[in-house]
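# Residue-level structure breakdown
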Amino acid sequence: MRIDTHVQSNHSDGRSSVRQIFSLAKRVNLDVIALTDHDTNSGWQQAQYYSKINSIGFIPGSEISTSYQGKIFHLLAYLYDENDSVLQNLYSKSKKLRFLRFMQMFEKVEKDFDIRIKDLFPQDYSGDKTLKELKDLQLPLGRPHLADAIIKRGYCKNRDECFSTILHPCEKYYVPYIPTDINEVVKIVVNAGGGPVLAHAFSQKRGKTIDEKTLLSLKKLGLLGVEINHREHNVTDRQKAYDLSKKLGLLQFGASDYHGSGKPNHLGENLTAYETILELEKHTFRKVEWNGHKSNS
Ligand code: AMP
Ligand code: ZN
Ligand code: FE
């Protein structure tokens with residue numbers, strides 16, 4: 001069974017639509033995928049539709065930005081009740097904060113580069129768009145969107161180049177952003193009936209990593225698992241993640257973190273075991289929409 005548990009669409013900073021993602025999932029012989037857009041579940045309805053059409057299993061999820069000791073950690077949240085008001089408030093708060101921070105960065109970049117708001121709209125939108133329309137879209141905006149506006153005018157060739165130049169945290173254009181504390185977010189996800197799993201938290205390349213003591217306290221709050229096989233984890237990172245997951249009894253995930261053409265990651269390049277998903281489902285409010293793949297393990 002081939003299951004990819006970490007995929008972003010253009011409902012956040014991925015460049016592919018949900019329709020394109022499920023067609024691709026079929027082409028690369030995946031059985032099940034999770035849609036995990038940043039700080040939103042706005043793609044779930046489309047995913048329900050396109051997963052059925054393509055006979056691909058669907059795991060509803062999100063990747064929530066959190067902070068811990070001044071650094072940002074991403075928390076995957078699976079199979080929660082999307083009507084939970086506390087979680088939806090967290091998303092609203094995050095979108096507002098992201099929009100304000102985005103505009104601060106946009107205005108700084110705009111002083112030195114000829115960039116336009118209309119270049120930022122996902123491919124489904126066209127025409128001469130305004131700031132208000134951008135706000136109304138309720139997109140969880142981040143540096144990747146700003147990168148796309150910069151790329152559009154030819155100042156960088158791809159997002160990676162933008163992140164290592166104009167949008168790098170050491171540059172004058174960068175504005176920091178502090179999301180909700182990780183302990184708080186784990187509690188919110190658990191109360192919403194979701195399964196929280198740490199994304200790429202052992203990546204030394206990303207800076208600070210999660211230590212054993214912190215992991216144990218998060219597990220006590222309801223953390224269910226950690227990503228191990230992820231392209232931003234090197235061999236040492238994977239070994240550490242694996243050893244700690246074994247020691248603390250956490251589920252082991254592997255995933256692509258696909259962003260369409262926004263990152264070089266290939267859909268299905270890392271996978272999560274079927275048994276892990278069955279275990280995850282035991283703890284969650286919603287169930288996986290298997291679309292015929294449940295007994296195929
Ligand atoms: P932000 O949270 O707005 O500062 O931007 C961080 C987001 O940008 C992360 O969630 C990643 O998905 C994405 N990202 C980080 N580094 C890169 C990169 N080198 N190329 C493309 N996307 C990136
Ligand atoms: Zn992303
Ligand atoms: Fe992430």
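Note that the coordinates shown come from a computational prediction; the quantities given were computed from them, not determined experimentally. (Residues numbered from 1 in each chain as written. Chains lettered and ligands numbered in written order. Predicted model: local features only at pLDDT ≥ 70, side-chain atom pairs only at ≥ 80, totals over all residues. Heavy atoms only, no water.)

## Digging into the coordination of the zinc ion (ligand 2)
Around the zinc ion (ligand 2), the protein contributes the donor atoms Asp 13 (OD), Asp 13 (OD), His 38 (NE2) and His 259 (NE2), at 1.9 to 2.5 Å from the metal centre. Taken in sequence order, the residues that donate to the zinc ion (ligand 2) follow the motif D-x24-H-x220-H. Separating the zinc ion (ligand 2) from the iron ion (ligand 3) is a gap of 5.5 Å. Of this pair, His 38 sits in strand E2 (residues 32-38) while His 259 sits in the loop between strand E7 (251-254) and helix H10 (274-281); the two residues are 221 residues apart in sequence, bridging distant segments of the chain. You can call His 259 buried: its relative accessible area is 2%. (Donors = N, O, S within 2.8 Å, 3.2 Å for Na, K, Ca; no water. Helix = DSSP H or I, 4+ residues; strand = E, 2+ residues; numbered from the N terminus. Buried < 20%, exposed > 50% of the residue type's maximum accessible area, 1.4 Å probe, protein only.)

## What to know about the pairing of E2
Within E2, 7 of the 7 residues are buried, which leaves it mostly tucked inside the rest of the structure. On E2, burial covers both faces: Val 32, Ala 34, Thr 36 and His 38 on one face and Ile 33, Leu 35 and Asp 37 on the other are all buried. Bridge count between strand E1 (residues 3-4) and E2: 2 bridges; the pairing is parallel. Pairing of Ile 3 across the sheet is with Val 32, part of E2. (Pairing = 2+ DSSP bridges.)

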